[in-house]
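Chain and residue survey
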Amino acid sequence: MPLSLDLSGRVALVTGAARGLGFAIARGLARAGALTVLNGRDAKALAAARTSIEGDGGRTDAAVFDVADRDAVQAAIADLEARHGAIDVVVNNAGIQRRHPVTEFPLEDWDAIIATNLTAPFLVAQAALPGMKARGRGVIINIASLMSEFGRPTIVPYTAAKGGVRQLTRGLATELGPTGIRVNAIAPGYILTEMNRALIDNKEFDTWVRGRTPMRRWGDPDELAGIAVFLASDAASYITGQTIFVDGGMSVCV
Ligand code: NDP
């Protein structure tokens, strides 16, 4: 069997792709040949991201919708399928973070975090799966986190959601295995993105991350692109249900 990372002829949807990890993953998938659909809620930001990826030689489209809005998800996937055919690759990347001590955590923040980080990957998968099943192939990649496995103070709902993402991945992989649709997760460690702005700017936290990570540095968003391309490709044809940690080694040491 040929070893292929080529995604030519595939259609990939990346949620939350205007910046950060989603943008880097979208650019990677486009570089590998996929027609890559960038999702987000800000049409202007998505247009700028598309221009950048197309300047790099990639083919893109945009889908503006809120991943936490079930009706919007269903309508957007139907629209994409009408334009491009069944989606081959879904990357559930959109996510949010809020930080408060658990006793003061507003319920609306809990609800928003669970809706965006856990319910949305389920909704997007549910909407894309009938098309994948009809075609007899498909790949879903969920963006999990170190917090799928570990805890940290002030981010209890995020930890609960990301733990759920890991189990969502295993559940989907188990049920969909017979259909040929593969479902995996990528668990990033500490990566330099806007989501972590407050942590990056905090000297004490920055020092802690560098000291606690065997590779002694934060990750760069582009360092997530390779594993996403691999998992999306036929080179990963017998890999399903797995969570791959991309964390400079943080998860393997105390
Ligand atoms: P950013 O905050 O930089 O980007 C998040 C993206 O998600 C934005 O483009 C945002 O766009 C989009 N988004 C947020 N809510 C929604 C929504 N309801 N519908 C559609 N799009 C939405 O975050 P990162 O790039 O850092 O994080 C990406 C993913 O990686 C997240 O799931 C995060 O939990 C995970 N992760 C990140 C780590 C890190 O160190 N950075 C570590 C571990 C996991 P807009 O607001 O314009 O819609």
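Given the structure is predicted, the values throughout are model-derived calculations rather than measurements.

Examining the sheet that holds strand S2 (residues 35-40)
Adjacent strands of a sheet pair through backbone hydrogen bonds, lying either parallel or antiparallel. Reading across the sheet, the seven strands line up as S3-S2-S1-S4-S5-S6-S7 and stay open at both edges, with parallel pairing between neighbours. The open sheet terminates on both sides in strands that have one partner only, identified here as strand S3 (59-64) and strand S7 (243-246). On average, each strand axis in the sheet is inclined to that of its neighbour by 20 degrees, with strand direction left out of account. Across the sheet, helix H2 (residues 43-55) touches S2 and S3, and the angle it forms with S3 is around 170 degrees. This element, helix H5 (residues 156-176), spans strand S5 (138-143), strand S6 (181-188) and S7 of the sheet and lies at about 160 degrees to S6.

Some remarks on unusual backbone geometry
Its identity as a non-glycine residue notwithstanding, threonine 154 has a phi of 75 degrees, on the positive side. Looking at where threonine 154 falls in the secondary structure, it is placed in the loop between S5 and H5. Of the residues examined, threonine 154 reaches a relative accessible area of 32% and is grouped as partly exposed. Notably, arginine 216 is not glycine yet its phi reads approximately 60 degrees, a positive angle. Assignment of secondary structure puts arginine 216 in the loop between helix H7 (203-212) and helix H8 (225-232).

Some points on the site of the ligand
Every one of the 30 residues lining the ligand counts as a neighbour, but Asp66, Asn93, Tyr158, Thr193 and Asn196 are closest to it. At 2.9 Å, a side-chain N or O of lysine 162 approaches an oxygen atom of the ligand. Glycine 189 is positioned such that a nitrogen or oxygen atom in its backbone is 3.2 Å from an oxygen atom of the ligand. If the ligand stood free it would expose 880 Å²; the protein chains cover 94% of that surface. Each residue belonging to the shell around the ligand can be placed in one class, and the counts come to 13 nonpolar, eleven polar and six charged.

Calculation criteria
Counting from 1, residues in each chain are numbered in the order their sequence is written. The model is predicted, so local features are restricted to residues of pLDDT at least 70 and side-chain atom pairs to those at 80 or more, both for listing and for counting; the totals for chains, interfaces and linings are taken over all residues. Side-chain numbers here rest on the full set of heavy atoms in the structure, without hydrogens or water. Here a strand pair is declared whenever DSSP counts at least two bridges between the two strands. Here a helix means four or more residues in a row that DSSP labels H or I, a strand means two or more in a row labelled E, and each is numbered from the N terminus. To get an axis, fit a line to the C-alpha atoms, keeping to the stretch in contact for a helix; angles then go from 0 to 180 degrees between the N-to-C directions. Residues are treated as being in contact if the distance between any of their heavy atoms lies within 4.5 Å. When accessible area is computed with a 1.4 Å probe and restricted to protein chains, residues below 20% of their type maximum are described as buried, those above 50% as exposed, and intermediate ones as partly exposed. Here a residue is near a molecule or strand as soon as one of its heavy atoms is found within 4 Å of it. Any N or O atom pair separated by 3.5 Å or less is treated as a polar contact, with the protein-specific requirement of one donor-capable and one acceptor-capable atom, and with residues adjacent in sequence counted only for side-chain atom pairs. Values of accessible area rely on a 1.4 Å probe in the Shrake-Rupley scheme; residue burial ignores everything except the protein chains shown. The residue classification treats Ala, Val, Leu, Ile, Met, Phe, Trp, Tyr, Cys and Pro as nonpolar and Asp, Glu, Lys and Arg as charged. All others, Gly included, are polar.

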